[in-house]
Amino acid sequence: MYSILRRCSGIRKTFGPTPVYPTANNSQSPSSYSRGKERELGCYTKRNSNSNNNNSHERESQSCCSSRVCKNHTTTTTTTLEYELSNFAKLTTRITTQSAAEVDTSPHTDTETHRDRDSNPGNIALATDLELPKGLPLSLSSRHHWNQLQSSLHALHHQQQQQQQQLRSYSSTSETNLEDKMSKPDSKLDKYAQRDRLGLWGTGDNEVVGSLSGFTRLLDKRYSKGLAFTHEERQQLGIHGMLPYVVREPSEQVEHCRALLARLDQDLDKYMYLISLSERNERLFYNVLSSDIGYMMPLVYTPTVGLACQRYSLIHQNAKGMFISIKDKGHIYDVLKNWPETDVRAIVVTDGERILGLGDLGANGMGIPVGKLSLYTALAGIKPSQCLPITLDVGTNTESILEDPLYIGLRERRATGDLYDEFIDEFMHACVRRFGQNCLIQFEDFANANAFRLLSKYRDSFCTFNDDIQGTASVAVAGLLASLKIKKTQLKDNTLLFLGAGEAALGIANLCLMAMKVEGLTEEEAKARIWMVDSRGVITRDRPKGGLTEHKLHFAQLHEPIDTLAEAVRKVRPNVLIGAAAQGGAFNQEILELMADINETPIIFALSNPTSKAECTAEEAYTYTKGRCIFASGSPFAPVTYNNKKFYPGQGNNSYIFPGVALGVLCAGMLNIPEQVFLVAAERLAELVSKDDLAKGSLYPPLSSIVSCSMAIAERIVEYAYKNGLATVRPEPVNKLAFIKAQMYDLDYPRSVPATYKM
């Protein structure tokens, strides 16, 4: 447990078990501890610094006699000992012992006195059952004194252990309370607990070549090449014979996968095949996606991912991402430590309460974070090993899901109130503690009330954004800015009417407000141009039907109540009609014809997902406006021919925005994401729309160029970050685009054996 050190003529003698060497966390300064203990005792001991004095203790005579010991008096001996704990921390203590004085009237030297006492049979017997250390002060060499010393050292050692335990743990109570409170973010000591990750990571190239076996390279999705392993690599890695003879080029592997996809009729089956491929050969999966983004993206994300989420419990085969349930509250950090990757830079998290326009799907919502992060890599080159999809399983209120015997989630009603808020707060702090302050956390498909509230709560202190609110807003504003190139007007010259007042609609409205203010309007002037319709009609102040939340009141108009969308179109006479209410067919023939009567070139955005929830189809929009509208949608639509003219409707997909935003934020090392970032992204995306794109009716660049769009947006965001002091990566890159490209995921297979060189 401890060792005692004796100071004797500059020589330190040690006995006891071998100590454990100290760390920065468990060592203490012996001198400071000693002074503290002396102050506690109310006295200071004068230590003899004479090197000729062989005594390791000082005596303080409390007798009124001379230096010669008198009969019928006691000798009080105060011994100052330095001792060493098992953690190698050196402490000093004072031990006071008393013994009856011997009758001694003749002068003796100290040496003689010690010799006489050792041979005096009348002395207190020495402890025979203890092996006393040689060189201890004689006055401690009895059983009583030795036990007294041991007891004192035990007590002090226990006291120091308690102090160190308090520093290392979140609670100084029992072990049970320690486990309960270990991860609570509201614990006072949690603020000062060491974080696993601080600051920025390096390049992300964390592979240790010598640690990977041939079988790891063959079977691990991160390193596997499938049939692309050369014969030399197979032999050197010890996997020769584990694969057929043929060696295929990566392009041949992609063609093979495309052929297998073509054999499948249902989109859900294609989705399952692609997800399975991603678990076998990661690079091949992303090469397949990149081979035809326009065709593949709807298979791994909207609209197919909506169907996949609805049937996620049925089709679940491989573990993807992390499921953290409300039952893990108090231990979320420990759960995050189970994730095998430590260099995590991007997290997409959902609680499954508002999956697309499908409602509360609970744990089945995992398809959304998985799909989002697939696009992070495919469209922006963020390394898949640095991406972590997470579903926060707090239950579900959907009866059909709770009754589903195959349901993979928690069969409970949703947690709400303080319990929910504490759970989310603990999650946010645990992510930062585990992965660092610059780890991006993207909220996805939270219910409206929670989405706005959580974004407002965390946006200034965490690197976070909500794609449903901010990403949707950015891509919609980019489409508006591009459409105004056709009309040759500014945004401030138009009146906007929104169907819907949820996350997407309010997000777009807020960003439009910001853009109009940049164009020179005051906030009140800009608000006067933004009208919103929810399930109770136009949002006006003091609306008799009520239903006005804080966020809706921000855009409430001073106007008499208007109950229907058609009535709103007639009275407001908007130039732009934006649907974000997930009400399929809400833009009916009457509405579209009214828009065409009011405007020579009406702008119609049907942004709801999936396709079944779109407010109108592309064909309906072009037909009922007689081919005069500028149309964009959230879901993909095939080209439409009207009056011998072919229109290519643009898909206002968030995928144009969120991958580039994430790439820019990560490359700059931003610690929070201001709203201005999304206006910067929208303006840059609008600049990328060519005249040819506009001529054929598309308000967005072709999906085939989306990777280039992501890099261009990331470059503009990095420039913004450095200009406004938000970047933490130093030094500032001179060529920012080249710097961004250097951080991106390489789709080419790397070498499976290290390169050699002459020595």
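Above this text sits the structure in question.
Residue positions are given per chain, counted from 1 along the sequence in the order it is written. Only residues with pLDDT of at least 70 are given local features in this predicted model, and only at 80 or more are side-chain atom pairs given and counted; all residues enter the totals for whole chains, interfaces and linings. To get the side-chain values, take all heavy atoms of the structure and skip hydrogens and water.

Asker: Describe helix H19 (residues 503-518), with residues and values.
Answerer: Along its 16 residues, H19 runs 23 Å from first to last C-alpha, staying within 8% of the 22 Å computed at 1.5 Å per residue. We call a residue buried when its accessible area falls under 20% of the maximum for its residue type, exposed when it is over 50%, and partly exposed in between, using a 1.4 Å probe and counting protein chains only. Think of it this way: any DSSP run of H or I at least four residues long counts as a helix, any run of E at least two long counts as a strand, and we number them from the N terminus. Burial analysis of H19 places twelve of its 16 residues in the buried class, the great majority of the element. Within H19, the full set of buried residues consists of Glu 503, Ala 504, Ala 505, Leu 506, Gly 507, Ile 508, Ala 509, Leu 511, Cys 512, Leu 513, Ala 515 and Met 516. Take the number of residues in a helix, subtract one, and multiply by 1.5 Å to get its expected span.

Asker: I'd love a proper account of the pairing of strand S16 (residues 630-633), names of residues and values included.
Answerer: Residues Ile 630 and Ala 632 line one face of S16 and the alternating positions Phe 631 and Ser 633 line the opposite face, and both faces are buried. Here four bridges tie strand S15 (residues 603-606) to S16, and the two strands are oriented parallel to one another. Note on S16: the bridge partner recorded for Phe 605 is Ala 632. With respect to chirality, the unit in which S15 leads through helix H24 (residues 618-624) into the neighbouring parallel S16 is right-handed. For two strands to pair, DSSP has to find at least two bridges joining them. In the sheet, S16 pairs with strand S19 (residues 650-651) via two bridges, with the strands oriented parallel. Its bridge partner being in S19, Ala 632 is matched across the sheet by Gly 650. We call a crossover right-handed when, viewed with the strands running away from us, the connection from the first strand over the helix to the second turns clockwise.

Asker: How would you explain the nonpolar core if you had to name every residue and give the values?
Answerer: Joining through side-chain atoms within 4.5 Å is the link that ties buried Ala, Val, Leu, Ile, Met, Phe, Trp, Tyr and Cys residues into a set, and such a set is a nonpolar core. Membership of the largest hydrophobic core comes to 154 residues, with the highest contact counts inside it found for Ile 347, Tyr 376, Ile 390 and Phe 427. By the convention used here, residues are in contact when the closest approach between their heavy atoms is within 4.5 Å. Dropping the residues within four chain positions of it, Ile 347 is found in contact with Leu 388, Ile 390, Phe 427, Cys 431, Phe 435, Cys 439, Leu 440, Ile 441 and Gln 442. Formed by 29 residues, the second largest nonpolar core is a distinct cluster that contains Val 538, Ala 568, Ile 598 and Ala 621.

Asker: Describe in detail the packing of helix H28 (residues 706-723) against helix H29 (residues 736-743), supporting the description with residues and values.
Answerer: Only the contacting stretch of a helix is used when fitting its axis, a line to C-alpha atoms as for every element, and angles between N-to-C directions run 0 to 180 degrees. The interhelical angle for the contact between H28 and H29, taken along N-to-C directions, is 120°, at an axis separation of 9 Å. Relative to H29, the crossing made by H28 is right-handed. Along the contact surface, H28 presents Met 711, Ala 714, Glu 715, Val 718, Glu 719 and Tyr 722, while H29 presents Lys 736, Leu 737, Ile 740 and Lys 741. Crossing chirality is assigned from the near helix's rotation relative to the far helix, an anticlockwise turn below a right angle marking it left-handed and a clockwise turn marking it right-handed.

Asker: Quick one: what's the story with the sheet that holds strand S12 (residues 530-534), residue by residue and with numbers?
Answerer: Across the sheet, seven strands lie side by side as S13-S12-S11-S14-S15-S16-S19; this open sheet has mixed pairing. Among the strands making up the open sheet, the edge pair consists of strand S13 (537-538) and S19. Sheet strands in contact with helix H18 (residues 467-487) are strand S11 (496-499), strand S14 (576-579), S15 and S16, and its direction is about 160° off that of S15. Sitting on the sheet, helix H22 (residues 565-572) is in contact with S11, S12, S13 and S14, with an inclination near 175° to S11.

Asker: Before we move on, could you go through the sheet that holds strand S7 (residues 346-350) and cite the residues and values that matter?
Answerer: The strand order S6-S8-S7-S9-S10 describes an open sheet built from five strands, whose pairing is parallel. The strands lining the two open edges of the sheet, one partner per strand, are strand S6 (322-325) and strand S10 (464-466). Between one strand and the next, the sheet's axes are offset by a mean angle of 25°, whatever the strand orientation. Where S7 meets strand S8 (residues 387-393), five bridges bridge the pair, whose relative direction is parallel. When the bridges of S8 are listed, Ala 346 appears paired with Cys 387. Set on the sheet, H18 makes contact with strand S9 (440-443) and S10; between it and S10 the angle comes to about 75°.

Asker: If you had to explain the environment of His 316 to someone new, which residues and values would you point to?
Answerer: The topology assignment puts His 316 in the loop between helix H12 (312-315) and S6. Note on His 316: relative accessible area 32%, which makes it partly exposed. Through-space distance from the C-alpha of His 316 to that of Ile 408 is 8.5 Å; in sequence the pair is 92 residues apart.

Asker: How would you explain the side chain of Thr 377 if you had to name every residue and give the values?
Answerer: Mapped onto the elements, Thr 377 comes out in helix H14 (residues 367-380). If we skip the residues at most four places from it in the chain, Thr 377 touches Tyr 286, Ile 382, Lys 383, Pro 384, Cys 387 and Tyr 745.

Asker: Now, about the pattern of salt bridges: what can you tell me, with residues and values included?
Answerer: Only one rule defines a salt bridge in this text: a Lys or Arg side-chain nitrogen within 4 Å of an Asp or Glu carboxyl oxygen. Per the stated rule, a full pass over the model turns up 31 salt bridges. The shortest N-O distance in the salt bridge between Glu 279 and Lys 320 comes to 2.8 Å. Of this pair, Glu 279 sits in helix H8 (residues 267-280) while Lys 320 sits in the loop between H12 and S6, and the two are 41 residues apart along the sequence. Here Lys 736 makes a salt bridge to Glu 732, at a shortest N to O gap of 2.8 Å. For Glu 732, a relative accessible area of 41% corresponds to the partly exposed category. Through salt bridges with shared partners, one network takes in Arg 354, Asp 445, Asp 468 and Glu 503.

Asker: So what's going on with the packing of aromatic side chains? Residues and values would help.
Answerer: Working definition: rings of Phe, Tyr and Trp (its six-membered ring) pair if their centres are within 6.5 Å, and the pair is stacked with planes under 30 degrees apart, edge-to-face with planes over 60 apart, and tilted otherwise. Across all of its chains, the model carries ten aromatic pairs by this definition. Between Phe 465 and Phe 678, the ring centres sit 5.5 Å apart and the planes meet at 55°, which makes this aromatic pair tilted. In this pair, Phe 465 is assigned in strand S10 and Phe 678 in helix H26 (residues 676-687), connecting sequence segments 213 residues apart. Here Tyr 622 and Phe 647 contribute two aromatic rings whose centre-to-centre distance is 4.4 Å and whose plane-to-plane angle is 15°, an arrangement assigned as stacked. Remark: Phe 647 occurs in strand S18 (residues 645-647) and Tyr 622 occurs in helix H24; sequence separation between them is 25 residues. An aromatic cluster is built from Tyr 622, Phe 631, Phe 637 and Phe 647, whose rings are joined through pairwise contacts. Whether a charge lies above a ring is judged from NZ of Lys or CZ of Arg, which has to be within 6 Å of the ring centre and within 35 degrees of the ring normal. Between the NZ or CZ atom of Arg 433 and the centre of the ring of Tyr 333, over which it lies, the distance is 3.7 Å.

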